[in-house]
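Understanding the architecture of this molecule
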Amino acid sequence: MTGGAGFIGSHLCDALTHSGFAVICVDNFLTGSRDNIEHLLGTENFTLIEQDANDKLAVADEVDVVFHLASPASPADYLRHPIPTLSVGSIGTLNALELARERGARFVLASTSEVYGDPHQHPQTESYWGNVNPIGPRSVYDEAKRFAEAATAAYRREYGTDTAIVRIFNTFGPRMRTDDGRAVPAFVTRALAGQPLRVSGDGHQSRSLCYVEDTVAGLLVVAASDHPGPVNLGTEDERTVLALAHLVLDLTGSAAEIEFIALPEDDPVRRRPDTTVAREVFGWVPRTAIEDGLAATVAWFTQQLAAGAAR
Ligand code: NAD
């Protein structure tokens, strides 16, 4: 797996090793952290290869599935690392595809709802081609993922590689970084610190937030099939950013205020997946209510902040 030391990747490593699979995690810690996988280091089923996925993946062991998750994922991260984001989405994807082709392994691409850009279709079905500004600041991520999808589809056509494209919508949960700029960690850490929650625009733009355990379950069922995708994974429970901020305030019991700030450039106004394919083909539905997922996330951040304060 590339990107296994990241937020979603580390949960996927947990799920796979708990089920008895051996995991080889390739990560250069650009946006991930050793802390996320510390508990797996030295265990029988887990190997860490610290390397850039843009270099040829030299894996000696047998490989059944290549999960390709390596890529900065939060807007703050990919705007901070524009060229590495383009590289890992293109060169890194070709390397991961090549490994799958050489080993006759299944390949699962962690693509994104960002391939739909600022969508003109709502909710977004997999057949929608998207509305992406190819030269805007977010294009380093959106277009890298669109290239990654094109490369994945081409390997399937050209070489018959057993590939799958999964389009992940906003996912949240424990192990998000406090400074990754995404709404949930930003809201939770500021609420816990009693600092104002910064809501961009008027807060009426929507997001559909899926709990990480559900996203991981979706990646696993797609990996276990021979379906090429693309498959949307996300929740259809759409909330406004302002409603999310209020929910975080309720769950943390914080008296922090809400502060409105400017909307970032090309920020999508609405985001909600149509998950008919995931539901009807794979029987996958998100099981975790946003309130429960947020409560678990708040508990995790509370623990992290307490541990940080004690150090
Ligand atoms: P993350 O930043 O926490 O994890 C990405 C991991 O990839 C990190 O551990 C990072 O160090 C590693 N990485 C980056 N470039 C690398 C390189 N060149 N070589 C080796 N490792 C590299 O992000 P995440 O939220 O866990 O996202 C994982 C994947 O899922 C990404 O591909 C992302 O695009 C996709 N995705 C995530 C979300 C979400 O809401 N979190 C939504 C849609 C898609």
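In what follows, the structure referred to is the one given above.
Conventions we followed
- Residues numbered from 1 in each chain as written.
- Predicted model: local features only at pLDDT ≥ 70, side-chain atom pairs only at ≥ 80, totals over all residues.
- Heavy atoms only, no water.
- Pairing = 2+ DSSP bridges.
- Helix = DSSP H or I, 4+ residues; strand = E, 2+ residues; numbered from the N terminus.
- Axes fitted to C-alpha atoms, helices over the stretch in contact; angles between N-to-C directions.
- Parallel < 35°, antiparallel > 145°, perpendicular 65-115°, else oblique.
- Left-handed = near helix turned anticlockwise from the far one by under 90°.
- Contact = heavy atoms within 4.5 Å.
- Nonpolar A, V, L, I, M, F, W, Y, C, P; charged D, E, K, R; others polar.
- Salt bridge = Lys/Arg side-chain N within 4 Å of Asp/Glu carboxyl O.
- Buried < 20%, exposed > 50% of the residue type's maximum accessible area, 1.4 Å probe, protein only.

**What about the sheet that holds strand β4 (residues 106-112)?**
Read across the open sheet, the four strands follow the order β3-β4-β5-β10; overall the sheet is parallel. Taken across any chain shown, the strands that pair with only one partner, and hence form the sheet edges, are β3 (65-68) and β10 (231-233). Geometrically, the sheet is characterised by an average inter-axis angle of 25 degrees between neighbouring strands, direction not taken into account. Looking at chain direction, strand β5 (residues 163-168) and β10 are connected through three bridges and run parallel. Note on β10: the bridge partner recorded for I168 is L233.

**What about the packing of helix α3 (residues 82-103) against helix α4 (residues 139-159)?**
Each packed pair of helices is defined by two parameters, the angle between the axes and the distance between the axes. With their axes 9 Å apart at the nearest point, α3 and α4 run at an angle of 15 degrees to one another. By the criterion of interaxial angle, the relationship of α3 to α4 is roughly parallel. As α3 packs across α4, the resulting crossing turns out to be right-handed. Along its contact with α3, which presents P82, T85, L86, G89, S90, T93, L94, L97, E98 and R101, the element α4 presents V140, Y141, A144, F147, A148, A151, T152, Y155 and Y159. Residues of the contact of α3 with α4, tallied by class, amount to 12 nonpolar, five polar and two charged.

**Here's the deal with the pattern of salt bridges**
Summed over the entire model, instances satisfying the criterion amount to 18 salt bridges. A salt bridge links D77 to R177, with the nearest nitrogen and oxygen atoms 2.9 Å apart. One end of the pair, D77, is in helix α2 (residues 75-80); the other, R177, is in the loop between β6 (171-172) and α5 (183-193), with 100 residues separating them in the sequence. Given the relative accessible area of 24%, R177 is considered partly exposed. Note that R239 is salt-bridged to E291, the shortest N-O span being 3.3 Å. Remark: E291 occurs in helix α9 (residues 290-310) and R239 occurs in strand β11 (residues 238-240); sequence separation between them is 52 residues.

**Considering the packing of helix α1 (residues 7-18) against helix α6 (residues 212-223)**
Where α1 contacts α6, the axes come no closer than 9 Å and their chain directions differ by 65 degrees. Crossing of α1 over α6 shows right-handed handedness. Seen from α1, the contacting residues are F7, I8, H11, L12, A15 and L16; seen from α6, they are V212, T215, V216, L219 and L220. Partitioned by chemical class, the residues of the contact of α1 with α6 number nine nonpolar, two polar and no charged.

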